[in-house]
Amino acid sequence: MSARAALPVSAALRVAFFVSAALLALVGRAGAAVEVEARLARTRIAVGEATSLKVVVRGASGGVGEPEFTLPEGLEVLGSGRAQNFTWINGKSSVEIIHRFEISARAAGRYTLGPIIVRAGKEVFRSGVLSLEATAAAARVGGGGGGAASLLVDVLPAAPWQG
């Protein structure tokens, strides 16, 4: 009978622990300010090359939308991705959402990107304007190509044991 009496107390302690942990997480987030940062990996590229546009949102508790921006004529988005980092250090949680866009130039020129708009909850954040310079395509160095490519790989050990 004593084992049955200990079960409700143990369950009550677990519930109290999880409720207090959730309250601490909310208190830790309440004072955190949302930060939005936008930057280009390279501000000067040649036509045909690409650079990464990275938009980082820190401290948002949820409801973060995709960054909104228009590209000027002569630039194109090759691909995009999203990553989320969650950390919990000394009872304080933090969230970082990273949006990455690969942007390529189709024509030489000076371009401005932005402002980049990010919606986090009921708030709207705008970045400053980013500058990108695209120069004429660099001259190709080396062979003319056109032939088949090959790849040589060394595998060690040469005869792996399988068991």
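(A) Just the packing of aromatic side chains, in detail. Counting across every chain of the model gives one aromatic pair. For the pair F69 and F101, a centre-to-centre distance of 5.1 Å together with 85° between the ring planes defines the contact as edge-to-face. Highlighted residues: F69 in the loop between β3 (50-58) and β4 (75-89) and F101 in strand β5 (residues 92-105), separated in sequence by 32 residues.

(B) How the structure looks around the pattern of salt bridges. Applying the stated criterion across every chain yields a total of 10 salt bridges. The salt bridge partner of R44 is E133, with a shortest N-O separation of 3.5 Å. Residue R44 is found in strand β2 (residues 44-46), and its partner E133 is found in strand β9 (residues 130-135); the two are separated by 89 residues along the sequence. Taking relative accessible area as the criterion, R44 reaches 51% and is therefore assigned exposed. A salt bridge links E68 to R119; its shortest N-O distance comes to 3.3 Å.

(C) The arrangement of a nonpolar patch on the surface in detail. Together, L151, V153 and V155 make up a nonpolar patch on the protein surface, roughly 340 Å² of accessible area in all. On the secondary structure map, V155 appears in the segment after β9. When its relative accessible area of 55% is taken as the criterion, V155 is described as exposed.

What counts and what doesn't
Residues numbered from 1 in each chain as written. Predicted model: local features only at pLDDT ≥ 70, side-chain atom pairs only at ≥ 80, totals over all residues. Heavy atoms only, no water. Phe/Tyr/Trp six-rings, centres within 6.5 Å; stacked < 30°, edge-to-face > 60°. Helix = DSSP H or I, 4+ residues; strand = E, 2+ residues; numbered from the N terminus. Salt bridge = Lys/Arg side-chain N within 4 Å of Asp/Glu carboxyl O. Buried < 20%, exposed > 50% of the residue type's maximum accessible area, 1.4 Å probe, protein only. Patch = residues over 30% accessible without salt bridge, like charges linked within 9 Å, V, L, I, M, F, W, Y side chains within 5 Å. Areas by Shrake-Rupley, 256 points an atom, 1.4 Å probe, with all protein chains shown as cover.

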